[in-house]
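These are the residues of each chain, in order.
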Amino acid sequence: YHGIDDKTLLQEYAKVCSDVLHNKYEKFLPKIFPARDDGEISNRKIKICVTTAHIKQHSVWHSHLEGLYRRLDRTRFELHTINLTGAKAAQCEFAQQHSDSYCEMFGVEDEAVIAKVLALQADVLLYPEVGLHAQTGRLAALRLLKNQVAMWGNPETTGLSTIDGFISLDEIEGAKAQDHYSENLMRMPLSEHYYAKRDFQSQGKVAERLGLDAKKKWVICSGTAFKFQYKFFDFFGHAWQNLGGVQFVFFQQDTLVYKSLESRLSSIVAAHKKPDNSLLFLPWLPEDDYYELMHASSA
């Protein structure tokens, strides 16, 4: 969110993390990786171990995980799932039904997850994202399999020497995109990308139910609090002063970062009186309410 190249910074940070974690878990890690015979691999299915904490209503699931479970060619691949999510969601049931093996490991110590990964003897260890979940980040910093790959659930390089490949899309990468990745960048055409249609059950009168002013324009400021970086406050202050009849909508979170965000926004509002504008903090919404709100705001 700061407009600079993260590669060097993340590589330095990743090396520290990887060194610390390899030292901590050294006795649990494989010392050698058996060579794979190309002919032997071509005559059997390739085993992929998916390790993730985002098998739930989340953008990582919607953007590519669901498509992986729906469309992966099972005549050529096996799909084994280690689920660190901890949520009892319909997506978990779906992933389980579409996995060759499935293991719930939420809240389990790293050592046990490492043992499970090694026991599967997979060809590829796949992380749909690296950087959005602490345990996934720790595991990704370890060399557990010879081939370890990340996807664009977190759309920037991991910086980790333990991640060999990064799967992205042609349409979101520039001509020199490889320069920004420590991994080997593997680009898919958009035509191979899967994104499920999003439906919601409308309850109607969303503005009335959520306390919005239907006569004002709504600026929906979605996302977790840490994503609103310092430059955003200049934008917000400018917009607050120069736009009229606007309601700025944020979403409450029980974090210190959110409390700081709320305080900063409130101080900007107090410093620049604008009676025809308003600032609203909504609770975290059920999915149907959120999609209805987005639909109504664009009407």
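To be clear, the structure that these remarks concern was listed above.
From a predicted model like this one, the values you see are computed outputs, not experimental measurements.

Calculation notes
- Residues numbered from 1 in each chain as written.
- Predicted model: local features only at pLDDT ≥ 70, side-chain atom pairs only at ≥ 80, totals over all residues.
- Heavy atoms only, no water.
- Axes fitted to C-alpha atoms, helices over the stretch in contact; angles between N-to-C directions.
- Helix = DSSP H or I, 4+ residues; strand = E, 2+ residues; numbered from the N terminus.
- Parallel < 35°, antiparallel > 145°, perpendicular 65-115°, else oblique.
- Left-handed = near helix turned anticlockwise from the far one by under 90°.
- Contact = heavy atoms within 4.5 Å.
- Nonpolar A, V, L, I, M, F, W, Y, C, P; charged D, E, K, R; others polar.
- Pairing = 2+ DSSP bridges.
- Phe/Tyr/Trp six-rings, centres within 6.5 Å; stacked < 30°, edge-to-face > 60°.
- Buried < 20%, exposed > 50% of the residue type's maximum accessible area, 1.4 Å probe, protein only.
- Lys NZ or Arg CZ within 6 Å of the ring centre and 35° of its normal.

Novice: Explain the packing of helix H3 (residues 59-71) against helix H4 (residues 90-97) to me, please; I cannot follow it from the model alone.
Specialist: Relative orientation and spacing of two packed helices are given, respectively, by the angle between their axes and the distance between those axes. Direction vectors running N to C along H3 and H4 enclose 30°, while the axes themselves pass 9 Å from each other. The orientation of H3 with respect to H4, classified from their angle, is roughly parallel. The handedness of the crossing between H3 and H4 comes out as left-handed. Where H3 abuts H4, its residues Trp 61, Glu 66, Tyr 69 and Arg 70 lie against Gln 91, Phe 94 and Ala 95. Here the residues of the contact of H3 with H4 are counted per class, giving 4 nonpolar, 1 polar and 2 charged.

Novice: Whenever I open this one, the sheet that holds strand E8 (residues 217-220) confuses me. Can you help?
Specialist: Where strands meet in a sheet, backbone hydrogen bonds hold them as pairs that are either parallel or antiparallel. Taken together, 3 strands build an open sheet; the order of strands is E8-E9-E10 and the sheet is parallel. Sheet topology places E8 and strand E10 (278-282) at the edges, where each strand pairs with a single neighbour. Across this sheet, the average inter-strand angle for adjacent strands is 25°, counted without regard to direction. Here E8 pairs with strand E9 (residues 246-251) via 4 bridges, running parallel. Across the sheet, the residue bridging to Val 219 is Phe 248, located in E9.

Novice: In this structure, what is going on with the sheet that holds strand E2 (residues 77-83)? I would like to understand it.
Specialist: Pairing in this open sheet of 7 strands is parallel, and the strands run E3-E2-E1-E4-E5-E6-E7 from one edge to the other. With one partner strand each, in any of the chains shown, strand E3 (101-104) and strand E7 (184-188) form the two edges of the open sheet. Ignoring which end each strand starts from, the neighbouring axes of this sheet average 25° apart. Where strand E6 (residues 165-169) lies against E7, 5 bridges are found, and the strand directions are parallel.

Novice: I tried to follow the packing of aromatic side chains on my own but got confused; where do I start?
Specialist: Ring pairs (aromatic) are described by centroid distance and by the angle formed between their planes. According to the stated counting rule, one finds 19 aromatic pairs in the structure shown. Measuring from centroid to centroid gives 6.0 Å for Phe 251 and Tyr 290, while their planes differ by 65°, and the two rings are edge-to-face. With a gap of 39 residues between them, Phe 251 in strand E9 and Tyr 290 in helix H10 (residues 287-297) connect regions that are remote in the sequence. Taking relative accessible area as the criterion, Phe 251 reaches 6% and is therefore assigned buried. By relative accessible area, which is 25% here, Tyr 290 ends up partly exposed. Counting every residue linked through ring pairs, the aromatic cluster contains Phe 228, Phe 232, Phe 233, Phe 235, Phe 236, Trp 240, Phe 248, Phe 250, Tyr 258 and Phe 281. A cation sits over an aromatic face here: Arg 264 above Phe 233, 4.2 Å from the ring centre.

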